[in-house]
Amino acid sequence: ETGVTQTPRHLVMGMTNKKSLKCEQHLGHNAMYWYKQSAKKPLELMFVYSLEERVENNSVPSRFSPECPNSSHLFLHLHTLQPEDSALYLCASSQFRGPYNEQFFGPGTRLTVL
Amino acid sequence: ILNVEQSPQSLHVQEGDSTNFTCSFPSSNFYALHWYRWETAKSPEALFVMTLNGDEKKKGRISATLNTKEGYSYLYIKGSQPEDSATYLCASVFYGQNFVFGPGTRLSVLP
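Residues numbered from 1 in each chain as written. Chains lettered and ligands numbered in written order. Predicted model: local features only at pLDDT ≥ 70, side-chain atom pairs only at ≥ 80, totals over all residues. Heavy atoms only, no water.

Q: Any chance you could explain the overall build of chain A here in plain terms?
A: Secondary structure assignment for chain A yields zero helices and eleven strands. Order of helices (α) and strands (β) in chain A, N terminus to C terminus: β-β-β-β-β-β-β-β-β-β-β. Relative to the compact-globule value of 13 Å for 114 residues, chain A shows a C-alpha radius of gyration of 13 Å, a close match. Considered along the principal axes of its C-alpha atoms, chain A spans approximately 35 × 30 × 30 Å. The buried share of chain A, reckoned over its 114 residues, is 47%. In chain A, the share of contacts with a sequence separation of at least 24, taken over all contacts with a separation of at least 6, comes to 55%. Charge separation in chain A, taken as the distance between the mean sites of 11 positive and 10 negative side-chain charges, equals 9 Å. (Helix = DSSP H or I, 4+ residues; strand = E, 2+ residues; numbered from the N terminus. Rg over C-alpha atoms; globule rule 2.2 N^0.38 Å. Buried < 20%, exposed > 50% of the residue type's maximum accessible area, 1.4 Å probe, protein only. Contact = heavy atoms within 4.5 Å. Lys, Arg positive; Asp, Glu negative; His and termini not counted. Charge placed at Lys NZ, Arg CZ, Asp CG, Glu CD.)

Shown next, in the form of structure tokens:
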């Protein structure tokens, strides 16, 4: 596969469940990102990893826990979510973290919290 | 809080029409402006990266301009086609290194 892939594409979970979102990039990039898009809102940055180290946590609640085991993989672990966390979660990667590097996005995971 | 705004929110044009829309951003501490096209059920796809005041970029029928002094960028589509139907996002990068996205302009091109 090429580009940035995300699994699952759709996820429905209860508030007491624990689940994980997976992102994989096949581009040899060094930076990876999690974004959230809620209904009627712009894309909102959640986390940034550069060279496998977390460099940004954009005031995200602790019920979202990212993990970057290597430069190709990024996970978002979810536990005790709230219905307002229902959103589209997008993963992206870029060659390096920086203002001039375009980001390549995955197709997203549509999350519904019941 | 840094806000990036886009207008209009949505736009319907006939096939063959030319159209344009706007991205507005704070002009201070500006680093770069990115445009993306996001088709339904697909991934956002990068169109342009713009950095300098007066920059103009072109890709086929799509072009963009940048004014960093007044804080806006225009995206133009010449001779719109149904396959241009998508949401067009802009993202500005300020003194930090994080992208701040606008809410997007949803374009529908009617055959």
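Q: Explanation requested: the overall build of chain B in the structure shown.
A: Counting its regular elements, chain B contains zero helices and eleven strands. Starting at the N terminus and ending at the C terminus, chain B contains elements arranged as β-β-β-β-β-β-β-β-β-β-β. In terms of C-alpha radius of gyration, chain B reaches 13 Å, essentially the compact-globule figure of 13 Å for 111 residues. Expressed as lengths along the three principal axes of its C-alpha atoms, the size of chain B is roughly 40 × 30 × 20 Å. Taking the contacts inside chain B whose residues are at least 6 apart along the sequence as the reference set, 54% of them involve residues at least 24 apart. Accessible surface, chain B: about 5,500 Å² in total, of which carbon and sulfur atoms supply 46%. Charge separation in chain B, taken as the distance between the mean sites of 9 positive and 10 negative side-chain charges, equals 4 Å. (Areas by Shrake-Rupley, 256 points an atom, 1.4 Å probe, with all protein chains shown as cover.)

Q: Any chance you could explain the packing of aromatic side chains here in plain terms?
A: We describe a pair of aromatic rings using the distance from one ring centre to the other and the angle between the two ring planes. The full count for this structure, using the stated rule, is 13 aromatic pairs over all chains. Among the aromatic residues, those joined into a cluster by ring pairs are Tyr33, Tyr35 and Phe105 of chain A together with Tyr36, Phe99 and Phe101 of chain B. (Phe/Tyr/Trp six-rings, centres within 6.5 Å; stacked < 30°, edge-to-face > 60°.)

Q: Is there a simple way to explain the interface of chain A and chain B in this structure?
A: Note on interface size: it is often stated as the accessible area lost on association of the parts. In this assembly, 20 residues from chain A lie in contact with 19 residues from chain B. Buried surface at the junction of chain A and chain B, both sides included, amounts to about 1,700 Å², of which 61% is carbon and sulfur. Three residues stand out in chain A for area buried against chain B, namely Pro99, Tyr100 and Phe105 of chain A, and they jointly supply 32% of the buried area on that side. Inspection of the chain A/chain B interface yields zero salt bridges. Put simply, chain A and chain B have six residue pairs in polar contact (both at pLDDT 80 or more) between them. (Buried area = accessible area lost by both parts, 1.4 Å probe. Salt bridge = Lys/Arg side-chain N within 4 Å of Asp/Glu carboxyl O. Polar contact = N/O pair within 3.5 Å; in protein donor to acceptor, adjacent residues only side chain to side chain.)

Q: How should the pairing of strand β7 (residues 62–67) of chain B be read in this particular structure?
A: On a regular strand, one side chain projects to one face of the sheet and the next to the other, so that they alternate. Residue and element names in this part refer to chain B. Of all the six residues making up β7, five are buried; the element is thus mostly covered by neighbouring parts of the structure. Count of turn residues in the strand β6 (residues 56–59)/β7 antiparallel hairpin: two residues, of which Gly60 carries a positive phi of about 65°. Relative to strand β8 (residues 72–77), β7 runs antiparallel, the two being bridged by six bridges. Looking at the pairing, Leu66 lines up with Ser73 of β8. The turn joining β7 and β8, which pair antiparallel and follow one another in sequence, is formed by four residues; a positive phi near 75° is taken by Gly71. (Pairing = 2+ DSSP bridges.)

Q: Before we go on, may I ask you to explain the state of the cysteines in this structure?
A: Note on terminology: disulfide describes a covalent bond linking the sulfur atoms of two cysteines. Residue and element names in this part refer to chain A. Going through the model one piece at a time under the given rule, you end up with two disulfides over all chains. Disulfide partner of Cys23: Cys91, at an S-S distance of 1.9 Å. Taking the torsion about the sulfur-sulfur bond, which here is approximately -70°, the covalent link between Cys23 and Cys91 counts as left-handed. One end of the pair, Cys23, is in strand β3 (residues 18–25); the other, Cys91, is in strand β9 (residues 87–94), with 68 residues separating them in the sequence. Neither residue differs from the other here; Cys23 and Cys91 are each classed as buried. Lacking any disulfide linkage, Cys68 is separated from the closest cysteine sulfur, that of Cys91, by 9.1 Å. (Disulfide = S-S within 2.5 Å.)

Q: Mind showing me how you'd approach the pairing of strand β11 (residues 109–113) of chain A here?
A: Residues and elements named next belong to chain A. Only one face of β11 is covered, namely the face carrying Thr109, Leu111 and Val113; the face carrying Arg110 and Thr112 is uncovered. The pairing of β9 with β11 spans three bridges and is classified as antiparallel. Of the residues in β11, the one forming a bridge with Tyr89 is Thr109.

The quantities given are spatial measurements derived from coordinates; they are silent on function.
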